[in-house]
Amino acid sequence: MLFLFQFWAAYVPCDSQNRDAVQLTLEQIDVIRRLTELYKPSLTLCTSAEDIKAAYGRHQLCSLIGVEGGHSLAGSLAVLRTLYHVGVRYLTLTSTCNTPWADCSHEDMPGKKPEHGGLTNFGKSVVKEMNRLGMIVDLSHVSVRTMRDALAVSKAPVIFSHSSAHALCNSTRNVPDATLRKLALNKGVIMVNFYSHFLTCKDVSTVADAVAHINHIRDVAGVDNVGLGAGYDGINYVPKGLEDVSSYPTLFAELIGTGRWSTEDLKKLAGLNFLRVFQDVEKVRDEFQKAKVPPYEDVMVPRSNPNNCSSQDLF
C-alpha cells in the first residue's frame, strides 16, 4: 500500500522578517488552498494522517501545507496556533536566516559565530507548543546545535523535510551521523534532498549518488527513519536520470539492484515512514489534550532593530 501526498511549502523570503512575513505567509497558504480547490477532486486538502488514508481510498492526491522558516511566526506563539488552524502541519524552524530564537545552518559555516547557540528558551517553547498542537517539527535548514536542542525538547518525532547525509557531502545543510543516530532514537525521519550540491557538493550528480545518501542514512539511522524529500521546486541542479518525480521508478530500480531493499522497505521509503511520524505526532497531541496542557504563553521581548516595522507596544 502506497499513500500519495504532496507537501506544499509556504515560503517567504528572509527579508520579510520583522516586516510583513506573517501576511506574506498567509497569502502563500491562500495560494496553496486555492490551487488545491482548482484541481479538485484530483487534489484534496489533507490535515491529518486519517485524511491521507481516506484520500488514498478515493484515489486522490493529498495537498498538505508546511511553512518553511520560523521567521513566519514573527516571534508569536499565537501566530503559530493560527497557522495550525488554517491547515499548516509542519514548520521548518529556520530558513536561510536566523530567527530571534533559533540558529540556521549558515551558522555552521567556517568562521561563523552562532547567534544563539541553538534554540533560545522561547525557541524551546515553540517546539513544545508544536508538540501540543500536533504540528511536525522540521529541522532542515537549522544549525547542528538547533538540531540538538530540538531533539532534546521534542516529545514527538521530528523530520528533516529535505536534507541529505553530511558524511557524504559536508554541506551545512546536511545532517551529521551523530544527529542521525539521535533521530533514530527520536523515531523521526530524514527525507533525502536531491539537490546536486547536497549530494556531491558539486553541480553534477547521478542517481547513484542519491542512492548512496539513502543507503548511508539507512545504515546509520535505520530503514524506518529515511524518506524522500527531493526539493525539486527550488533547486537548479538535479541528478542525471532523476530530473523529476517521473524518474522515481529509476531510483527504486537502483535501490532494488543493490539487493538491500525489499518491497516493504521501499514502501516505507516512499511514504509510510512519514505517515507513521505524522500519526505519532498526533498521538503526542492527543496525550497533551488528555492531560489538559494549556497553550504556552511565552512572549518574546522585541529587540531594538532599525528594520523592525512592527509595533513595539503590547496591548
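Residue positions are given per chain, counting from 1 as you read along its sequence in written order. It should be noted that, the model being predicted, local features are given only for residues of pLDDT at least 70 and side-chain atom pairs only at 80 or more, the latter also being counted only at that level, while totals for whole chains, interfaces and linings use all residues. By convention in this description, side-chain values take in all heavy atoms of the structure and omit both hydrogens and water.

Draft legend 1. Quick look at the overall build of the protein chain. Each helix is a run of DSSP H or I of at least 4 residues and each strand a run of E of at least 2, with the numbering of both proceeding from the N terminus. Assigned secondary structure in the protein chain consists of ten helices and eight strands. For 315 residues, the compact-globule estimate of 2.2 N^0.38 gives 20 Å, and the protein chain sits close to it at 19 Å. Referenced to the eigenvectors of the C-alpha coordinate spread, the extents of the protein chain come out at roughly 60 × 50 × 35 Å. When each of the 315 residues of the protein chain is scored for burial, the buried share is 53%. Two residues form a contact once any of their heavy atoms are found within 4.5 Å. When contacts within the protein chain are restricted to residue pairs at least 6 apart in sequence, those whose partners lie at least 24 apart make up 70%. Averaging the positions of the 32 positive and the 33 negative side-chain charges in the protein chain gives two centres separated by 6 Å. Both definitions apply: the radius of gyration is a C-alpha atom measure, and the globule rule equals 2.2 Å times residues to the power 0.38. Whether a residue is buried, partly exposed or exposed follows from its accessible area with a 1.4 Å probe, protein chains only, as a fraction of its type maximum: under 20%, in between, or over 50%, in that order. His is not counted here, nor are the chain ends, while Lys and Arg score as positive and Asp and Glu score as negative. We put the charge of a Lys on NZ, of an Arg on CZ, of an Asp on CG and of a Glu on CD.

Draft legend 2. Layout of the packing of helix H2 (residues 49–57) against helix H10 (residues 263–290). In the contact formed by H2 and H10, the axes pass within 9 Å of each other and the chain directions differ by 140°. One way to sum up the angle between H2 and H10 is to call them oblique. Contacts between H2 and H10 involve Ala49, Ile52 and Lys53 on the former and, on the latter, Leu275, Phe278, Gln279 and Glu282. Classification convention: Asp, Glu, Lys, Arg as charged; Ala, Val, Leu, Ile, Met, Phe, Trp, Tyr, Cys, Pro as nonpolar; all other residues, Gly among them, as polar. Its residues assigned to classes, the contact of H2 with H10 comprises four nonpolar, one polar and two charged. Here an angle of 0 to 180 degrees is reported between the N-to-C directions of two axes, which are lines fitted to C-alpha atoms, with helices fitted over the stretch in contact. Angular relationships are summarised with four words: roughly parallel below 35 degrees, roughly antiparallel beyond 145, roughly perpendicular across 65 to 115, and oblique for the angles in between.

Draft legend 3. Structural context of the pattern of salt bridges. One speaks of a salt bridge when a side-chain nitrogen belonging to Lys or Arg is within 4 Å of a carboxyl oxygen belonging to Asp or Glu. Enumeration over the complete set of coordinates arrives at 13 salt bridges. Note that Glu107 and Lys112 form a salt bridge whose closest N and O atoms lie 4.0 Å from each other. Residue classification places Glu107 among the buried positions, given a relative accessible area of 9%. Relative accessible area serves as the criterion here: at 45%, Lys112 is assigned to the partly exposed category. Ionic pairing is found between Arg218 and Asp265, a salt bridge with its closest N-O pair at 3.4 Å. Of this pair, Arg218 sits in helix H8 (residues 207–221) while Asp265 sits in helix H10, and the two are 47 residues apart along the sequence. For the pair shown, Arg218 and Asp265 are each scored as buried. The network of salt bridges with shared partners includes Arg81, Glu129 and Arg132.

Draft legend 4. The arrangement of the state of the cysteines in detail. The term disulfide is used for any two cysteine sulfur atoms that are within 2.5 Å. The full count for this structure, using the stated rule, is three disulfides. For Cys14, the disulfide goes to Cys97, at an S-S distance of 2.2 Å. Across the disulfide from Cys14 to Cys97, rotation about the S-S bond amounts to roughly -85°, and the bridge is consequently left-handed. Remark: Cys97 occurs in the loop between strand E4 (88–92) and helix H4 (121–133) and Cys14 occurs in the loop between strand E1 (5–11) and helix H1 (21–38); sequence separation between them is 83 residues. Residues Cys14 and Cys97 agree in their burial class; the two are buried. When the cysteines of the protein chain that form disulfides are numbered from the N-terminus onward, they connect as 1-4, 2-3, 5-6. No disulfide involves Cys104; its sulfur sits 6.5 Å from the nearest other cysteine sulfur, which is in Cys97.

Draft legend 5. Expanded view of helix H6 (residues 177–186). What H6 keeps buried is the set Thr179, Leu180, Leu183 and Asn186. Taken down its axis, H6 places every buried residue within 110° of arc, on the same side. As for H6, its buried residues are in contact with helix H5 (144–153), strand E6 (159–160), strand E7 (189–192) and H8. Looking one or two places after H6, you find Lys187, whose phi comes out positive at around 70°. In this description, one arc is meant: the one made by directions from the helix axis to the C-beta atoms.

Draft legend 6. Quick look at unusual backbone geometry. That bond from Lys40 to Pro41 is cis: its omega, 10°, falls within 30 degrees of zero. Relative to the elements of secondary structure, Pro41 occurs in the loop between H1 and strand E2 (43–45). Phi is positive for Lys187, close to 70°, though the residue is something other than glycine. Here Lys187 lies in the loop between H6 and E7.

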